[in-house]
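Secondary and tertiary structure notes
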Amino acid sequence: MSLFVRSFGQLLLVALLISTAEQATAQVQAPKAGAQAKPLVAVDSSKVYMYVERMPVYSGGDTKVLTSDFLREFRSASAAAGCSPPAPVLVSFTVGPSGTIYDVKSVNNQPTPGNLPKLSAACETALAAAASKLPRLTPGMQNRRRVAVSMTLKLAEPTR
């Protein structure tokens, strides 16, 4: 008799777990009217990594191509903004889980031990405008999840 009760209890527990899982799946798959659909895989976009298992990849090629494209767009945007940027410009930005570039800022204006020339507000705006014209990157991956990754580039004329 006790074997029957224990088996029935286990069966009841399994049925309860399956029912709970089905309800959770139904809530994820069918959001309420007017609500935005949430991604099935939770992405922790609040944490920004410095280095991950697979770093973001520029669609146009490697980091050298990204740097040259960023520099080209920055020259164009700074000319339109009427600023003359100093050389070199160190730019820091974040590649989000979707591959978009955001939080663009010049490292030149940060307190650093080096003697880098400061950028004007117009040149800072030109940096953000240049970044917005770049295509999306393939996002960085950590533990098989897309994550935000901070990157820094040196925008300067190539040495020959």
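In this text, all values refer to a predicted model and were calculated from it rather than measured experimentally.

Take the pattern of salt bridges next. A full pass over the atoms with the stated rule returns three salt bridges. A salt bridge links Asp69 to Arg72; the nearest nitrogen and oxygen atoms lie 2.9 Å apart. Of the two residues, Asp69 and Arg72 both sit in helix α2 (residues 63-81), three residues apart, roughly one turn of that helix. Here Asp69 falls in the buried class, since its relative accessible area comes to 13%. By relative accessible area, Arg72 is classed as partly exposed at 44%. Between Arg72 and Glu73 there is a salt bridge, with its nearest N and O atoms 3.5 Å apart. Because the salt bridges share partners, they merge into one network encompassing Asp69, Arg72 and Glu73.

Here the focus is the state of the cysteines. Applying the stated criterion across every chain, the model contains one disulfide. The residue that forms a disulfide with Cys83 is Cys123, at a sulfur-sulfur distance of 2.4 Å. Its S-S torsion of approximately 125° makes the covalent link between Cys83 and Cys123 right-handed. With Cys83 in the loop between α2 and β2 (89-95) and Cys123 in helix α3 (residues 121-132), this pair connects stretches of sequence that are 40 residues apart. Judged by relative accessible area, which is 2%, Cys123 ranks as buried.

This part takes up the confidence of the model for the chain. Summary statistics for the chain give a mean pLDDT of 78 and a share of 68% for residues scoring 70 or more. Contacts of residues 24-31 to residues separated by more than four positions or lying in other chains number three contacts, the stretch itself having pLDDT below 50. Every residue in residues 37-43 scores below 50 in pLDDT, and together they form six contacts with partners more than four places removed in sequence or on other chains.

By the secondary structure assignment, Ser78 is in helix α2. If we skip the residues at most four places from it in the chain, Ser78 touches Cys83, Pro85 and Ala126.

Moving on, we get to α3. In a regular helix each residue adds 1.5 Å, so twelve residues correspond to 16 Å; α3 covers 17 Å between its end C-alpha atoms and thus fits that length. Listed in full, the buried residues belonging to α3 are Cys123, Glu124, Ala126, Leu127, Ala130 and Ala131. Around the axis of α3, the buried residues are gathered within 155° of arc, so they sit on the same side. Exposed residues pointing more than 90 degrees away from the buried face of α3 are listed as Ala121, Thr125 and Ser132.

This part takes up the environment of Met50. Examined against the element boundaries, Met50 turns out to sit in the loop between β1 (48-49) and α2. For Met50, the residues in contact, after removing those within four places along its chain, are Met55, Val149 and Ser150.

For the peptide bond that leads from Ala87 to Pro88, omega is -10°, which places it in the cis range. Along the chain, the position of Pro88 falls in the loop between α2 and β2. A positive phi angle, near 55°, is found at Asn143, a position not held by glycine. Look at Asn143 and you get exposed, because its relative accessible area is 55%. Even without being a glycine, Arg144 presents a positive backbone phi close to 60°. Mapped onto the elements of the fold, Arg144 is located in the loop between β4 (140-142) and β5 (145-155). Judged by its relative accessible area of 77%, Arg144 falls in the exposed class.

Rules of the game
Residues numbered from 1 in each chain as written. Predicted model: local features only at pLDDT ≥ 70, side-chain atom pairs only at ≥ 80, totals over all residues. Heavy atoms only, no water. Salt bridge = Lys/Arg side-chain N within 4 Å of Asp/Glu carboxyl O. Helix = DSSP H or I, 4+ residues; strand = E, 2+ residues; numbered from the N terminus. Buried < 20%, exposed > 50% of the residue type's maximum accessible area, 1.4 Å probe, protein only. Disulfide = S-S within 2.5 Å. pLDDT = per-residue confidence, 0-100. Contact = heavy atoms within 4.5 Å. Expected span 1.5 Å × (residues − 1). Arc of directions from axis to C-beta.

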